[in-house]
Amino acid sequence: MKRLKVKELLALEPGCDVLAKGWVRTKRGNKNVSFIALNDGSTINNIQIVCDAVKFDEELMKQIGTGACIAVKGRLVASMGSGQAVEIQADEIEVYGTADATYPLQKKGHSMEFLREIAHLRPRTNTFGAVLRIRHAMAFAIHDFFNSKGFCYLHTPLITASDAEGAGAMFQVTTLDLDNVPKTEDGKVDFSSDFFGRQTSLTVSGQLEGELGAMALGDIYTFGPTFRAENSNTPRHLAEFWMIEPEMAFYDIKDNMDLAEEFIKHCVRYALDNCADDIKFLNDMFDKELIARLQGVLKDSFVRLTYTEGIKILEDAVANKGVKFEYPVGWGIDLQSEHERYLVEQHFRKPVILTDYPKEIKAFYMKMNDDGKTVRAMDVLFPKIGEIIGGSQREESLEKLEKVIADRKMDTRNLWWYLDTRRFGTAPHSGFGLGFERLLMFVTGMTNIRDVIPFPRTPKNAEF
Ligand code: 4AD
Ligand code: MG
């Protein structure tokens with residue numbers, strides 16, 4: 001008999017013989033009958049297994065505790081109990097694996113902190129099952145979106161010799177013997193004997209290579225892991241996170257904003273349409289406003305305003321509305337999460353795209369505005385999250401780019417190939433990066449980024 005998944009079983013009409021396999025969530029009952037709630041990860045919902053005591057010996061039933069893995073053959077029947085349409089009247093049970101009383105997920109209602117300590121088992125909880133299924137659905141929605149628009153999925157390298165954009169401290173990659181590091185005559189590490197013959201790191205962004213792709217294929221996107229070694233122990237930062245970076249030839253900043261807004265809305269709509277059970281569970285369990293917030297984002301156009309206008313609103317809030325921020329506000333500051341969230345959650349009450357930031361606080365490759373002070377940057381700011389997307393129109397002029405690089409005293413030795421894009425057939429182009437886990441925080445309502453990735457990497461934490 002072919003095994004059916006719980007999701008398929010729950011959608012069947014009663015009256016057929018079935019085979020189900022999964023893990024026991026709970027077992028209850030009396031000496032005549034036991035009820036097992038079985039889950040196999042295909043859906044948040046369990047299927048109920050009814051076991052008559054006359055059919056099963058006591059020893060076997062004892063082996064079937066919370067966490068055990070079993071296969072059940074039986075008849076799918078209409079359920080008498082409330083809460084489910086069908087259940088399985090069991091005829092045969094095979095125990096694949098028992099789980100004794102030390103199984104840590106005996107009870108419901110463990111704290112998120114505790115579950116992080118057992119990240120190897122937490123996917124078996126309702127919450128993480130829901131989050132991980134939504135994570136999968138969002139990855140699919142992202143590929144679907146770009147594929148339908150004719151974008152090419154470009155695989156950019158994870159190991160790099162360039163410091164993309166100074167987005168953050170980098171993790172070094174080396175095969176040198178750290179107990180016996182070869183040195184040059186002037187006492188520096190001799191990377192010429194390292195694996196790549198030079199100093200290399202894990203990438204902080206695929207953008208620079210993404211731009212090379214856009215100058216050949218037109219529209220590309222990357223979707224892969226990204227590494228930042230800054231010691232920011234916050235609920236919104238990971239040392240290893242996933243980023244989606246589209247890069248488009250012939251797009252200006254306006255086209256870039258339009259794409260970003262359409263893209264996020266596509267993902268949110270996909271989640272509402274395809275992950276209804278999981279989102280409803282998270283809404284009911286954790287965040288009663290989750291569904292309303294997701295629907296709200298689809299309804300409204302994102303607000304678009306310049307950094308300079310944004311700063312004025314923040315200054316006005318401090319001067320005239322009694323708002324207090326931890327970090328001072330003034331033109332030139334790098335916005336803190338509290339500032340971003342004030343604009344989004346208090347002032348506008350919808351997502352905001354902030355543009356035209358001071359050049360000093362943004363990366364070297366952003367296109368300079370005519371004022372000579374601001375660059376054509378865009379950050380998309382979201383309720384509860386703050387920055388979810390960072391992007392810009394790119395400087396396409398070789399001359400201007402070389403001047404910025406010189407002004408910033410950047411090392412151009414590793415960037416010659418990037419500058420070649422401006423040397424040979426340069427074109428106006430734009431792109432952005434969406435933090436995949438930040439999107440997932442928004443869609444699931446989880447408030448800590450560690451709870452939307454299966455195995456989080458943060459300072460002092462690389463277990464599992
Ligand atoms: O704003 P960022 O640093 O932009 C870039 O990396 C550009 N190269 C993107 C581009 O234009 N192609 O990062 C982009 C997004 C942020 O908005 C945020 O959502 C996410 O990546 N992000 C992080 N997510 C989790 N943990 C971290 N440490 C993150 N740092 C950035
Ligand atoms: Mg940014």
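Since we're looking at a predicted model, the values are computed, not measured. (Residues numbered from 1 in each chain as written. Chains lettered and ligands numbered in written order. Predicted model: local features only at pLDDT ≥ 70, side-chain atom pairs only at ≥ 80, totals over all residues. Heavy atoms only, no water.)

Participant: If you had to explain the domain arrangement of the protein to someone new, which residues and values would you point to?
Facilitator: Domain annotation of the protein identifies domain 1 (6-97) and domain 2 (122-169 + 204-451). Between domain 1 and domain 2, the C-alpha centre-to-centre distance is 45 Å. With 8 residues of domain 1 at the interface, the matching set in domain 2 holds 8 residues. For the domain 1 and domain 2 pair, buried surface summed over both sides reaches about 610 Å², with 41% attributable to carbon and sulfur atoms. At the junction of domain 1 and domain 2, the tally comes to 0 salt bridges. At the junction of domain 1 and domain 2, the tally comes to 4 residue pairs in polar contact (both at pLDDT 80 or more). Residue composition of the side of domain 1 that touches domain 2, grouped by class: 2 nonpolar, 5 polar and 1 charged. (Domains from an automatic or database assignment. Contact = heavy atoms within 4.5 Å. Buried area = accessible area lost by both parts, 1.4 Å probe. Salt bridge = Lys/Arg side-chain N within 4 Å of Asp/Glu carboxyl O. Polar contact = N/O pair within 3.5 Å; in protein donor to acceptor, adjacent residues only side chain to side chain. Nonpolar A, V, L, I, M, F, W, Y, C, P; charged D, E, K, R; others polar.)

Participant: I'd like a description of the sheet that holds strand S5 (residues 86-97), backed by residues and values.
Facilitator: Ordered in space as S1-S2-S3-S5-S4, the 5 strands form a closed barrel in which the pairing is mixed. Direction aside, the axes of adjacent strands within the sheet are offset by 55° on average. The sheet contact formed by strand S3 (residues 47-52) and S5 spans 3 bridges and is parallel. Paired with Gln48 across the bridge in S5 is Glu87. (Pairing = 2+ DSSP bridges. Helix = DSSP H or I, 4+ residues; strand = E, 2+ residues; numbered from the N terminus. Axes fitted to C-alpha atoms, helices over the stretch in contact; angles between N-to-C directions.)

Participant: An account of the pattern of salt bridges is needed here, citing residue identities and associated values.
Facilitator: A complete count under the given rule lists 27 salt bridges for this structure. The residue Asp17 makes a salt bridge to Arg75 at a minimum N-O spacing of 3.0 Å. Highlighted residues: Asp17 in strand S1 (residues 17-29) and Arg75 in strand S4 (residues 69-78), separated in sequence by 58 residues. Judged by relative accessible area, which is 48%, Asp17 ranks as partly exposed. Assessed through its relative accessible area of 37%, Arg75 is described here as partly exposed. Between Asp284 and Lys280 there is a salt bridge, with its nearest N and O atoms 2.6 Å apart. One end of the pair is Asp284 and the other is Lys280, both in helix H7 (residues 276-285) and 4 residues apart, which spans about a single turn. We classify Asp284 as partly exposed; its relative accessible area is 38%. Residue classification places Lys280 among the partly exposed positions, given a relative accessible area of 48%. Residues joined in a network through salt bridges with shared partners are Lys254, Asp258, Glu261, Lys265 and Arg304. (Buried < 20%, exposed > 50% of the residue type's maximum accessible area, 1.4 Å probe, protein only.)

Participant: I'd like a rundown of the packing of H7 against helix H8 (residues 290-299), residues and numbers included.
Facilitator: H8 packs onto H7 with a crossing angle of 120° between their chain directions and a minimal axis gap of 8 Å. In terms of orientation, H7 lies oblique with respect to H8. Between H7, through Ile279, Lys280, Leu282 and Asn283, and H8, the contact on the second element is made entirely by Leu290, Ile291 and Leu294. Here the residues of the contact of H7 with H8 sort into 5 nonpolar, 1 polar and 1 charged. (Parallel < 35°, antiparallel > 145°, perpendicular 65-115°, else oblique.)

Participant: Would you mind going over the packing of aromatic side chains in detail, with residue names and values included?
Facilitator: Applying the stated rule across the entire model yields 19 aromatic pairs. Centre to centre, the rings of Phe145 and Phe146 are 5.1 Å apart; their planes meet at 80°, and the pair counts as edge-to-face. Note on Phe145: relative accessible area 3%, which makes it buried. Ring geometry for Phe325 versus Tyr342: centroids 5.7 Å apart, planes at 85°, classification edge-to-face. (Phe/Tyr/Trp six-rings, centres within 6.5 Å; stacked < 30°, edge-to-face > 60°.)

Participant: Break down the side chain of Ser430 for me, citing the residues and quoting the values.
Facilitator: Mapped onto the fold, Ser430 is located in strand S16 (residues 429-435). A distance of 2.7 Å separates the side chain of Ser430 from the backbone oxygen of Tyr251, its partner in a polar contact.

Participant: Residue-level account of the pairing of S1, with values.
Facilitator: Side-chain direction in a regular strand flips from residue to residue, so the side chains alternate between the two faces of the sheet. As judged from the 7 bridges shared by S1 and S4, these two strands associate in the antiparallel manner. Counterpart to Leu19 in the pairing with S4 is Lys73. As paired elements, S1 and strand S2 (residues 33-39) share 6 bridges and run antiparallel to each other. Bridging from a neighbouring strand, Arg28 pairs with Phe35 of S2. Where S1 folds back onto S2 in an antiparallel hairpin, the turn is made up of 3 residues.

Participant: Please give an account of the sheet that holds strand S14 (residues 374-382) that cites residues and values.
Facilitator: Pairing within the open sheet is mixed, and its 8 strands lie in the order S6-S10-S11-S16-S15-S14-S13-S12. One side of each edge strand has no neighbouring strand; the edge strands of this open sheet are strand S6 (152-153) and strand S12 (303-306). Relative to strand S11 (residues 240-249), strand S10 (residues 219-227) runs antiparallel, the two being bridged by 9 bridges. Looking across to S11, one finds that Phe227 is bridged to Glu240. The strands touched by helix H10 (residues 337-348) are S12, strand S13 (352-358), S14 and strand S15 (386-393); relative to S13, the strand with the most contacts, the crossing angle is about 140°.

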